[in-house]
Amino acid sequence: MSLDLMEMLPDDWRRRLAPLLDDDAMRELGAFVAEEYETRTVYPPREDLFNAFRRCPFDRARVLILGQDPYHGAGQAHGLSFSVREGVRLPPSLRNIFKELAADLGVPVPASGDLTPWAEQGVLLLNAVLTVREGQAGSHAGKGWEEFTDAAIRALNDKTDRVVFVLWGGYARKKAPLVTGAHHVVLEAGHPSPLSAKKFFGSRPFSAVNKALADAGQPEIRWELVARDPA
């Protein structure tokens, strides 16, 4: 059994990524991912695998926030980097993202960790590796996802309109050389994980994204999510 990953992609993204990817490599990756879903507990659920691409059409994509791989706990990952479904306890990295958002823009701490409203404004919430075994961070690294998501970065780099690439942590920052367009903006900082948050706090990425977009004549991102109830 194998998954045809390219057929699972939305049409607009498939047209851009297909010329940048090796067919044989994609078949191997599809076979690996299918076997993992059949024999292991894998996140995100298969139906959410390409959620980032569905929620953020290619023509609307103007910001990339790059994660490493999905959350590996039950009920957390749903196909958007750093995001969890409404009602799920906020992971430490996301709590720190919200702390920085409050410090940067005065945005109230949200009630939910679901970042879908960001995606629907053109923020591609992409992980470099799109699947993971339950409880095993990094377990699907080196299986072919990196080539797939590098192609997504290259496709965004090919856009004539400005894209703001937000790279947090050493892993994401290694992708900076893929961004060659002089009209794009790359914002780098430490990862929001508690292990490296000191290099993340104070980076003010949200105001920096909006300034870069405004400088290019694009609408700013509305970063506000639903405010947390006082209780």
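Residues numbered from 1 in each chain as written. Predicted model: local features only at pLDDT ≥ 70, side-chain atom pairs only at ≥ 80, totals over all residues. Heavy atoms only, no water.

Q: Could you give me a rundown of the pairing of strand E2 (residues 63-67), with the residues and numbers involved?
A: Counted residue by residue, E2 has 5 buried out of 5 residues, so it is predominantly covered. Alternating positions in E2 separate into two faces, Val63, Ile65 and Gly67 on one and Leu64 and Leu66 on the other, with burial throughout. In the sheet, E2 pairs with strand E3 (residues 123-127) via 5 bridges, with the strands oriented parallel. When the sheet's bridge partners are listed, Ile65 is paired in E3 with Leu125. Note that E2 and strand E5 (residues 164-168) share 4 bridges and pair parallel. Its bridge partner being in E5, Ile65 is matched across the sheet by Val166. (Buried < 20%, exposed > 50% of the residue type's maximum accessible area, 1.4 Å probe, protein only. Helix = DSSP H or I, 4+ residues; strand = E, 2+ residues; numbered from the N terminus. Pairing = 2+ DSSP bridges.)

Q: I'd like a description of the UniProt feature "active site" (unreviewed entry) in the protein, backed by residues and values.
A: UniProt records the feature "active site" (unreviewed entry) for Asp69 in the present numbering. With respect to the helices and strands, Asp69 occurs in the loop between E2 and helix H5 (92-105). Sequence-distant contacts of Asp69, that is, excluding residues within four places in its chain, are made with Asn127, Val129, Val132, Ala137, Gly138 and Ser139. A distance of 2.6 Å separates the side chain of Asp69 from the backbone nitrogen of Gly138, its partner in a polar contact. (UniProt positions renumbered as here; feature names shortened; annotations may be inferred. Contact = heavy atoms within 4.5 Å. Polar contact = N/O pair within 3.5 Å; in protein donor to acceptor, adjacent residues only side chain to side chain.)

Q: Tell me about the packing of aromatic side chains, and please be specific about residues and values.
A: Per the counting criterion, the structure on display carries 14 aromatic pairs. Centre to centre, the rings of Trp168 and Phe206 are 6.5 Å apart; their planes meet at 70 degrees, and the pair counts as edge-to-face. Placement of the pair is Trp168 in strand E5 and Phe206 in helix H9 (residues 205-215), with a sequence separation of 38 residues. For Trp168, a relative accessible area of 3% corresponds to the buried category. Residue Phe206 is classed as buried on the basis of its relative accessible area of 1%. On the basis of an interplanar angle of 55 degrees and a centroid distance of 6.0 Å, the ring pair of Phe200 and Phe201 is categorised as tilted. Feature note: the residues Phe82, Trp118, Trp168, Phe200, Phe201, Phe206 and Trp223 constitute an aromatic cluster, connected by ring pairs. One cation-aromatic arrangement involves Lys159 over Phe58; the distance from NZ or CZ to the ring centre is 4.9 Å. (Phe/Tyr/Trp six-rings, centres within 6.5 Å; stacked < 30°, edge-to-face > 60°. Lys NZ or Arg CZ within 6 Å of the ring centre and 35° of its normal.)

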